[in-house]
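# Topology and contacts: notes
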Amino acid sequence: MPRNPLRESLEAGRFCHVVEIVASRISREARLLHVAAQLAVTPGVVAGSITSYAGGSAGQDPVRVGTAAKARGLTPNIHVTCVSKDRRELREMLHTISDLDIENVFALTGDYPKGSTPVFDMDSVELVTLMNELRQNEGLQLWIAVAVTPFKYTEPDCVYQYLKLEKKFAAGADYAITQLGFDAKKFAELRRYLDDHGIQKPVLGNVYVLGLKAAEKMSKGEPPGCWVAPELVEKIRAETKAKDSGEAARLERAARMVAILRGMGYAGAYIGGTHKAEHVRWIIERGQQLAPQWEELASELSYSPKSAFYMYEPSTAPRLAPLGWRERAVNAFWHVPSPKRIPEGGVLHKLAKTVFGWIDHRPSLARSLERAEFAVKSPAFGCQSCGNCVIPDMQYVCPQTCPKQLRNGPCGGTNNGQCEVIPERSCIWVKVYERAKAANELESLKVYIPPPDRSLKGTSAWINYFLNRDSRPGRPKLGAPTPTPAPIKEESKIKVAVPQ
Ligand code: SF4
């Protein structure tokens, strides 16, 4: 495997810079490769991160663009998303990447695609688990990046991003890259969360060269997960009145963010919003010059919404309302008939296994049981009869009701608790979080949930559970990747202190 300057820098603790190359459909490949060749000789740049499905639009094949960029001397970091490939196709893609001597992969769920039907067979935590399994069992050399979005301003959205990051690291991720944002307090919050939980994995902070057009789009939450405060949009609008249309101002802002990340102890900067190597070179040099003033610069970079939740700072967001008695009653009720309450191997479990085994051998009876389950669970949870029921592991919320069918926490596209795909609806993970917090079960949200065995669709989940046919925590199945669970350290236990 050729040298990997990205891995080397992160392992050596040397602050480094990765530049995002947006391989969208409209960008000409020749132009992208010219950019790659220039970045390959830009001091401080250790890799080019090749996007896939950026903003939900299918772009160029990141593996092909990455291979060509590598041929021009730029180490690629390939974005691998769950949007359009199922687990077998993702496994093949990872083998291809490895066969091409490319080590760096960026595991993402991906934005919901525009104009095409998504696959979403797996989520990003399951994808990391697959990558790690290929590394351990099939010897693939993969250096795995994952995403985290600290710029979330409601408690469920924010805390669940950090919970999910812990799951990604536990599944085998090597380092993380933040989503873009312009709030130094959130960069500091993520840093502190990792320190408080004893997590020493490197994190790159996102530094986006923000122009007016992009700022206006992002102030409306486009692409999903990216948000810019109206005050910053107005500031950039004023800057565009300058002779250079605001270019110097936006490069200076980017350089200041690099300085802040250096000061806060981030492992590097993930630079986006420009393909110009001369811009990148200037940002890197200026960022180094400004580093000694990072605290002053951090106090200036504070673009947050009026209502904002912070874990360690005074929040302007309303406190999480305690669950109503109805919600508590319903939640408590559903905990009763859960197969998980029957101790495995016990008399009752053996009896259940015998009974369900008997039903299983009588197809029409098994079908009737499935229909009966569905008749109860569909109105109660939005059940879609996937055959791999994991609602006991998700506070009685069904993952199939998530448009991306995520099983390990929210995507980065949540917008103040609203769903990225169906904005008029709340993200399902808000309820999962609220119920878990009310039941003092936040730790249980760190349990890895494997992808379902899709061949069980339309069959009885109870039969599948007792006959160990389904794919569930502790029993991943059907090519479902198997994580090597990392022991939960005392200091990593979740403690959400809402400042007075
Ligand atoms: S329900 Fe939540 S996790 Fe699922 S797509 Fe919507 S925002 Fe993302």
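Not measured: the values here are computed from a predicted model.

### Things to note about the overall build of the chain
- Along the backbone of the chain there are 17 helices and eight strands.
- Expected size for 500 residues packed as a compact globule is a radius of gyration near 23 Å; at 23 Å, the chain falls within 12% of this value.
- Across its three principal directions, the C-alpha atoms of the chain cover 75 × 55 × 45 Å.
- Counting all 500 residues of the chain, 54% fall into the buried class.
- Look at the contacts in the chain between residues 6 or more apart in sequence, and 77% of them connect residues 24 or more apart.
- Taken as a whole, the chain presents about 21,200 Å² of accessible surface, with 56% of it coming from carbon and sulfur.
- Charged side chains of the chain number 66 positive and 54 negative; the gap between the two group centres comes to 3 Å.

### Structural notes on the packing of helix H6 (residues 155-171) against helix H7 (residues 184-196)
- At a closest axis distance of 11 Å, the pairing of H6 and H7 adopts a crossing angle of 45°. One finds that H6 runs oblique with respect to H7. For the element pair H6 and H7, the recorded crossing hand is right-handed. Contacts between H6 and H7 involve Cys158, Tyr162, Leu163, Leu165, Glu166 and Phe169 from the first element and Lys186, Glu189, Leu190, Tyr193 and Leu194 from the second.
- Classifying every residue of the contact of H6 with H7 by side-chain character gives eight nonpolar, no polar and three charged.

### A look at the domain arrangement of the chain
- Split into domains, the chain comes out as domain 1 (5-300) and domain 2 (325-492).
- With centres defined by C-alpha atoms, the gap from domain 1 to domain 2 works out at 32 Å.
- Counting from both sides, the interface comprises 37 residues of domain 1 and, opposite them, 44 residues of domain 2.
- When domain 1 packs against domain 2, close to 3,300 Å² is buried across both sides, 52% of that on carbon and sulfur atoms.
- It is Arg87, Tyr160 and Lys167 in domain 1 that bury the most area against domain 2; as a group they hold 20% of the surface buried on that side.
- There are three salt bridges connecting domain 1 and domain 2.

### Description of the site of the ligand
- Taken together, 13 residues are adjacent to the ligand, and Cys402, Cys411, Cys419, Glu420 and Cys427 come closest.
- According to the grid-proximity analysis, the pocket containing the ligand is the second largest cavity.
- In terms of residue class, the shell around the ligand is made up of 10 nonpolar, one polar and two charged.

### So, the packing of aromatic side chains
- Tallied over the full model, the rule gives 15 aromatic pairs.
- Taking 6.0 Å as the distance between ring centres and 75° as the angle between the ring planes, the aromatic pair formed by Tyr153 and Tyr310 counts as edge-to-face. Of the two residues, Tyr153 is situated in the loop between strand S5 (143-148) and H6 and Tyr310 in the loop between helix H12 (294-300) and helix H13 (325-335); the sequence distance between them amounts to 157 residues. The residues Tyr153 and Tyr310 share a single accessibility class, namely buried.
- Taking the centre distance of 6.0 Å and the plane angle of 45° together, the rings of Phe381 and Tyr396 count as tilted. Taken together, the residues Phe381 in helix H15 (residues 363-381) and Tyr396 in the loop between H15 and helix H16 (428-438) connect sequence positions 15 residues apart.
- Phe381 sits in the buried class, given a relative accessible area of 11%.
- Of the residues examined, Tyr396 reaches a relative accessible area of 7% and is grouped as buried.
- Grouped by ring-pair contacts, the aromatic residues Phe356, Trp462, Tyr465 and Phe466 constitute a single cluster.
- Seen from the ring of Tyr153, Lys186 lies directly overhead, with NZ or CZ sitting 5.2 Å from the centre.

### A closer look at the packing of helix H14 (residues 347-360) against H15
- Where H14 contacts H15, the axes come no closer than 6 Å and their chain directions differ by 115°. Here H15 runs roughly perpendicular to H14, going by the angle between their axes. Contacts between H14 and H15 pair Phe356, Trp358, Ile359 and Asp360 from the former with Pro363, Leu365, Ala366 and Leu369 from the latter.
- Taken together, the residues of the contact of H14 with H15 sort by class into seven nonpolar, no polar and one charged.

### Topic: the sheet that holds S5
- The sheet built from eight strands closes into a barrel, its strands ordered S1-S2-S3-S4-S5-S6-S7-S8 with parallel pairing. On average, each strand axis in the sheet is inclined to that of its neighbour by 30°, with strand direction left out of account.
- Relative to strand S7 (residues 203-208), strand S6 (residues 175-178) runs parallel, the two being bridged by two bridges. Directly across from Ala176, in S7, lies its bridge partner Val203.
- Contacts from H6 reach S5 and S6 within the one sheet, and its direction differs from that of S5 by about 170°.

### Section: the pattern of salt bridges
- Considering all chains together, one arrives at 31 salt bridges under this definition.
- Across the salt bridge formed by Glu300 and Arg256, the nearest N and O atoms sit 3.1 Å from each other. Linking Glu300 in helix H12 with Arg256 in helix H10 (residues 247-264), this pair joins segments that are 44 residues apart in sequence.
- We classify Glu300 as partly exposed; its relative accessible area is 40%.

Thresholds, definitions, all that
- Residues numbered from 1 in each chain as written.
- Predicted model: local features only at pLDDT ≥ 70, side-chain atom pairs only at ≥ 80, totals over all residues.
- Heavy atoms only, no water.
- Helix = DSSP H or I, 4+ residues; strand = E, 2+ residues; numbered from the N terminus.
- Rg over C-alpha atoms; globule rule 2.2 N^0.38 Å.
- Buried < 20%, exposed > 50% of the residue type's maximum accessible area, 1.4 Å probe, protein only.
- Contact = heavy atoms within 4.5 Å.
- Areas by Shrake-Rupley, 256 points an atom, 1.4 Å probe, with all protein chains shown as cover.
- Lys, Arg positive; Asp, Glu negative; His and termini not counted.
- Charge placed at Lys NZ, Arg CZ, Asp CG, Glu CD.
- Axes fitted to C-alpha atoms, helices over the stretch in contact; angles between N-to-C directions.
- Parallel < 35°, antiparallel > 145°, perpendicular 65-115°, else oblique.
- Left-handed = near helix turned anticlockwise from the far one by under 90°.
- Nonpolar A, V, L, I, M, F, W, Y, C, P; charged D, E, K, R; others polar.
- Domains from an automatic or database assignment.
- Buried area = accessible area lost by both parts, 1.4 Å probe.
- Salt bridge = Lys/Arg side-chain N within 4 Å of Asp/Glu carboxyl O.
- Near = heavy atom within 4 Å.
- 1 Å grid on protein atoms, 1.4 Å probe; cavity = no way out; pocket = protein on both sides within 12 Å on 5 of 7 lines; lining within 4 Å.
- Sits in = over half its atoms within 2 Å of the grid points.
- Phe/Tyr/Trp six-rings, centres within 6.5 Å; stacked < 30°, edge-to-face > 60°.
- Lys NZ or Arg CZ within 6 Å of the ring centre and 35° of its normal.
- Pairing = 2+ DSSP bridges.

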